[in-house]
Structure formats: C-alpha cells, structure tokens
Amino acid sequence: MFVFTLCLFLWSWLSSIHSLEFRYHNSVEMEQYLKDINGKFPDITHLHSIGQSVEGRELWVLILGQHPREHRTGIPEFKYVGNMHGNEVVGRVLLLQLIDYLTSHYLSDPLVTRLLNSSRVHILPSMNPDGFESSARDCMYTIGRYNKNGVDLNRNFPDAFEGNSEREREKEVRAVMDWLKTESFVLSANLHGGAVVASYPYDNSNGVQHRNAIDFDSGSELQGGHSISPDDDVFVQLAKTYSYSHRDMHNGNSCYDSQDFTNGITNGYHWYPLPGGMQDYNYVWAQCLELTLEISCCKFPPEAELPGLWEANKPALLAYIQQVHLGVKGVVMDSYGKPVQNAVVEVAGRRNLCPFRTDRNGEYYRLLLPGNYTITVTYPGHKTLTQTIQVPYGPDAFSALTHNFFLQESDYSSKATQLPQSCTTPNLGIPESDSATLLPSVFTTLTLLLLQRLLLS
C-alpha cells in the first residue's frame, strides 16, 4: 500500500512539474497541446473536431472521462465552451488549464477522480479561433469579437422568441448545432469576458406580460424585467453554485459601471435582451441547461494576471461540473423492457417550450432541486404513466437519483404529448430552413391561452 501511495504521489508531482504555461497559446500551439494530452492520457481522453471555422481552423473538443470514446448509460454528458467571442480570451486559457488539471490529478485527487468517473466532460476551448487570431490585446474594444465573416456568433443561433429563420448560420454555429445532435448534454457553460457574473436563461423574451405564466403556458414569464424559464429555481442554484465557489464573483461588484449583481448572478434578459444566443438555444432545443459565465473584467488581460484568474475560477469550474448530478435520471422502457426514444418526460409545473424527452438510449435526465415531483411519461401506443418521486436532500454528490419508468401497452389511442413540429427532429437538431419555426407555435399557444384566461376571468 505504501509503494502504491508513493507512486501516485510521484506521478502527481511529476505531472505538476510539466504543467501548462500561463500564456496565450495560438491556434497551432493549442492544437498541438490537445494532441499531446490525448497521446499522454489515451485512457481518459478523446480528441475530435466538431467542424471548422470560416478560415478552416478545426474546432477541437477534448472529451475526458473513464469512458471518453462512447456514452455509457447513467453517465451524464457535460460541456464547457470557451472563446465564442474571439477577443474574450480568459475562458480559452482557463479551459486549457482545466484540461491540464483534470488529467494531471486523475487518480491522485479524489474530487477529480470521482468527477471523471461519474460524468463525461467535453471541453471546446475555442469556438471562434479566427476571431482569436485577429484580436487586439485590449480590455474593452471589440477587435476580434466576431468571426471571419464579421458575425457575432452569440446572436446567430435560432431564437424561440423572434423570427430569424432567414438568417444564415455561420460555420461555427452550425458545427455546434450539429454537435448537440450527437450528444445528449445535460449541463453546460459558455465562458465570456468583460464582466464577473453568472448569467442564466432566458436571454430573450416573447414580450408578453402576465401572471403565473409558468403554471399555465410554456412561454417566458416577465417579472420585474426578468424573463423567467420553467426551471428558474434550478438555474438560480446553478448560478449561485458557480458564484459562491468563485473567489470574488459572489460579492456582486461590477467592473466598470454602477451596476451590481446581487450574489454575483443575473437573469440574462434582466441584464440586457439577447436574441439568437447559444444559452437559450441549448435550453430550448437541446434539453441542456446552460449558463453564461462572465469571468473577467478585462477581455484580454495581461498574461501576468492569468494565474490569479485561474485560482479564482478553479474551484468554481470543478463545483459546476458536479452539478450535472442534480435531480433525477433513468431509462424509460416499453412493456418488453426495451428502452424507447422520444418518450416525453414532463415534470408537473414545468412546461418547457420543447418538452424533455428520452434520447436514443431511452435515457432522460432532469436537473431538479431536492423535493417532491410528479413526473408524467407519455409514449405512443402505451398508457400514460404518472408517478411522484422524492429527490432527497443530501444525496450522493456524484449521482442523481435513479428512477426508471416501465410502460404498459395500451389498447386505445395514446394521449401522448404532441410536440411542436420544430421539436420533433430526432436527437434535438433542426434543419436550417426550419430553425425558427418554433416561433409561430409559441405565439399560437400564448394567444390561445391568453384568450382562454380572458374568457374565464
């Protein structure tokens, strides 16, 4: 036992000696580093490209986990995305440092080991490498923010609340949308710069002002300038997890203006309306709860500040990954015990624009806080199944509650939840030409429900 412990210590010590340098690595250097890491740790990493930028640079993703090359039932998928705006570079640096930390501390650090054994972590250090290569080292200005075509990638995604179907999707955006079709991500964060705050959905709104919207429709609820999602309680908890694990974020101090962020968090729409954002797209269409993490006042700080920014964010980056184990997960099976895809799994009181449903493996994941929940499962040709479950306090920190559903065949026509047409594409992707077709269904639903409310009042 002593020899084994000594070997682990020496391995960890030697890894720390060769740790990644704190500086800005260009795209060629970053690619080489990722390939080196993949070669050094082939058992816990897998490197692949999800596409190319406008100028032809690869969008590299490194997957880390006990089984990095394939999904395993019960193991949730998590992702971090950095450098969406090319001149906001701290996220790119921190994600490379996170890769270095996770790989060098696996098996020697209990937290890192349990994180990688219980989840599959995908890291895209740079979504906009072209913008990065053209950036000026400046704290405030926008040189390098956009991609090679001059497009803001965080305004280019399909938007559930306003029509943008005619908008051409940039190569980098299409790559991420296609990526979301291949993996059933549960939790995500997108790293930005220019502020220090954790922002959560919605970023945009349908602009309809009403009471108790979450209870009677699937739109956004406007409360004091906030655009509230059906999973607002979970989003607030996720944002607070990051901000309170961060050295300074929870203090809520603003960077350059008079705006303070209470607890270091903000509703995205309350901060400023943002159409076409990646955060809302992940949540509405991909069943993936995503935050936008603003992690530095200066967008392109001096390299001397990078070690301090890493130390400030490291515990938060690790704590946030662990939140992928909130709530409940399981498999929906038919009467023959076979997992079924696209069974709708709805939590009472949470009417999502696109209902959550099972993936190709018959799995579902619902991030929920401790409490009692009524869950209804519907699938064509089978009886509707409704059960109440209790998500316990103080659960296993590295696994959500597991609850499987076993359906029974029905002799009558199933009353399965009807999905909007734009939500029915398998594995949650949508064609470009139909990218905003959710909009009519949203407004139709809202109009009918508001008329019903007026007639009944």
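Rules and cut-offs
- Residues numbered from 1 in each chain as written.
- Predicted model: local features only at pLDDT ≥ 70, side-chain atom pairs only at ≥ 80, totals over all residues.
- Heavy atoms only, no water.
- UniProt positions renumbered as here; feature names shortened; annotations may be inferred.
- Disulfide = S-S within 2.5 Å.
- Helix = DSSP H or I, 4+ residues; strand = E, 2+ residues; numbered from the N terminus.
- Buried < 20%, exposed > 50% of the residue type's maximum accessible area, 1.4 Å probe, protein only.
- 1 Å grid on protein atoms, 1.4 Å probe; cavity = no way out; pocket = protein on both sides within 12 Å on 5 of 7 lines; lining within 4 Å.
- Points joined across faces, edges and corners; volume = space filled by probe spheres on them.
- Nonpolar A, V, L, I, M, F, W, Y, C, P; charged D, E, K, R; others polar.
- Pairing = 2+ DSSP bridges.
- Axes fitted to C-alpha atoms, helices over the stretch in contact; angles between N-to-C directions.

The name that an unreviewed UniProt entry assigns to the protein is Carboxypeptidase M, with the source organism given as Cyprinus carpio carpio. The UniProt entry for the protein carries the following text under Cofactor (unreviewed entry): "Zn(2+)".

Let us look at the state of the cysteines. Tallying each qualifying case throughout the model produces two disulfides. Each sulfur of the disulfide joining Cys139 and Cys298 lies 1.9 Å from the other. Taking the torsion about the S-S bond as the criterion, the Cys139 to Cys298 disulfide, at about -95 degrees, is left-handed. With Cys139 in the loop between helix H5 (129-133) and helix H6 (171-182) and Cys298 in the loop between strand S10 (289-296) and helix H11 (306-322), this residue pair connects regions lying 159 residues apart in the sequence. With a relative accessible area of 28%, Cys139 lands in the partly exposed category. What pairs with Cys255 in a disulfide is Cys297, and their sulfur atoms sit 2.0 Å apart. Its S-S torsion of about -75 degrees marks the bond between Cys255 and Cys297 as left-handed, since a negative value means left-handed. Here Cys255, found in the loop between helix H8 (232-245) and strand S9 (265-267), pairs with Cys297, found in the loop between S10 and H11; they are 42 residues apart in sequence, far enough to count as distant.

Following the criterion strictly, the structure yields four cavities of 30 Å³ or more and no others. Forming the boundary of the largest cavity are 13 residues, of which Ser184, Gln287, Arg357, Tyr364 and Tyr365 lie nearest the centre. At the level of elements, strand S5 (185-192) and strand S13 (363-366) are the ones that each hand at least two residues to the lining of the largest cavity. If one sorts the elements of the lining of the largest cavity by residue count, S13 sits on top with three residues. Residue composition of the lining of the largest cavity, by class: seven nonpolar, three polar and three charged. Computed from the structure, the second largest cavity encloses a volume of approximately 70 Å³. In this structure, the second largest cavity is lined by 13 residues; those nearest its centre are Gln66, His67, Ile75, Ser119 and Arg120. Partitioned by chemical class, the residues of the lining of the second largest cavity number three nonpolar, six polar and four charged.

Bringing the sheet that holds strand S15 (residues 385-391) into the picture now. Across the sheet, three strands lie side by side as S12-S14-S15; this open sheet has antiparallel pairing. Edge positions in the sheet fall to strand S12 (344-347) and S15, since each of these pairs with one other strand and no more. For this sheet the average axis-to-axis angle between neighbouring strands, irrespective of direction, equals 30 degrees. Sheet analysis places strand S14 (residues 371-378) next to S15, joined by seven bridges and oriented antiparallel. Note that in S15 the partner of Thr376 across the bridge is Thr386.

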